[in-house]
Amino acid sequence: MSVRDLYNNLKAVVAINPTTGKDPLAGSLVDLQGFGGALVVVQSGTIIDGTFTFELRHGNASDGSDLAAVSDEDLLGTEPVFGATDDNKVAQFGYIGTKRYIKLVATVSGSPTTGGTLGAIIIKGFPRHAPVS
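Numbers given to residues run from 1 along each chain, matching the order in which its sequence is written. Thresholds applied to this predicted model are a pLDDT of at least 70 for local features of residues and 80 or more for the giving and counting of side-chain atom pairs; totals over whole chains, interfaces and linings are not thresholded and use all residues. As a convention, hydrogens and water are excluded, and side-chain values are obtained from all of the structure's heavy atoms.

### Description of unusual backbone geometry
Thought 1: A cis amide bond, omega 5°, links alanine 130 with the succeeding residue proline 131.
Thought 2: Numbering of helices and strands starts at the N terminus; helices are DSSP runs of H or I of at least 4 residues and strands are runs of E of at least 2. Here proline 131 shows up in the segment after strand S11 (116–127).
Thought 3: Even without being glycine, serine 111 reaches a positive phi, approximately 50°.
Thought 4: Tracing the backbone through its elements, the reader meets serine 111 in the loop between strand S10 (101–109) and S11.
Thought 5: Here serine 111 falls in the exposed class, since its relative accessible area comes to 69%.
Thought 6: Residues other than glycine seldom take positive phi values, yet phenylalanine 126 does so here, at roughly 55°.
Thought 7: When its relative accessible area of 68% is taken as the criterion, phenylalanine 126 is described as exposed. Buried residues are those whose accessible area, probed at 1.4 Å on protein chains only, stays under 20% of the maximum for their type, while exposed residues exceed 50% and partly exposed ones sit between those limits.

Have a look at this one:
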């Protein structure tokens, strides 16, 4: 493997399938076992109305029952907020915490009638064993 080989050292997984709507978003529970950190990438399409505030949660239970908001000390950058002026944008932030599971969620404010289109991926990095599959 080359020193510059990202393909064998990163693993992208769906956090929130791209969706259009006005309801809160709850992503998939992502297992970070075997990885030392993650990059969360959120992308917007068209947002008609409402404000979507993203929050990363983490825990150690495989069913997500112990998830809690990630503290600022375990984040690199800030969790994004998307509103009606944020069409076709990408925001990213990092997770450096020690919990095994993470989950991205978004709350909605502003009483939207249409909402918007949003999706997210999590890129797991710093694998303990490479290449990743």
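### Looking at the packing of aromatic side chains
Thought 1: Classification of ring pairs rests on two measures: the distance between centres of Phe, Tyr or Trp rings, Trp counted by its six-membered ring, which must be within 6.5 Å, and the angle between planes, read as stacked under 30 degrees, edge-to-face over 60 and tilted in between. Applying the stated criterion across every chain, the model contains one aromatic pair.
Thought 2: For the pair phenylalanine 54 and phenylalanine 82, a centre-to-centre distance of 6.0 Å together with 85° between the ring planes defines the contact as edge-to-face. Of the two residues, phenylalanine 54 sits in strand S5 (residues 51–59) while phenylalanine 82 sits in strand S8 (residues 81–82), which places them 28 residues apart along the sequence.
Thought 3: With relative accessibility at 3%, the residue phenylalanine 82 sits in the buried group.

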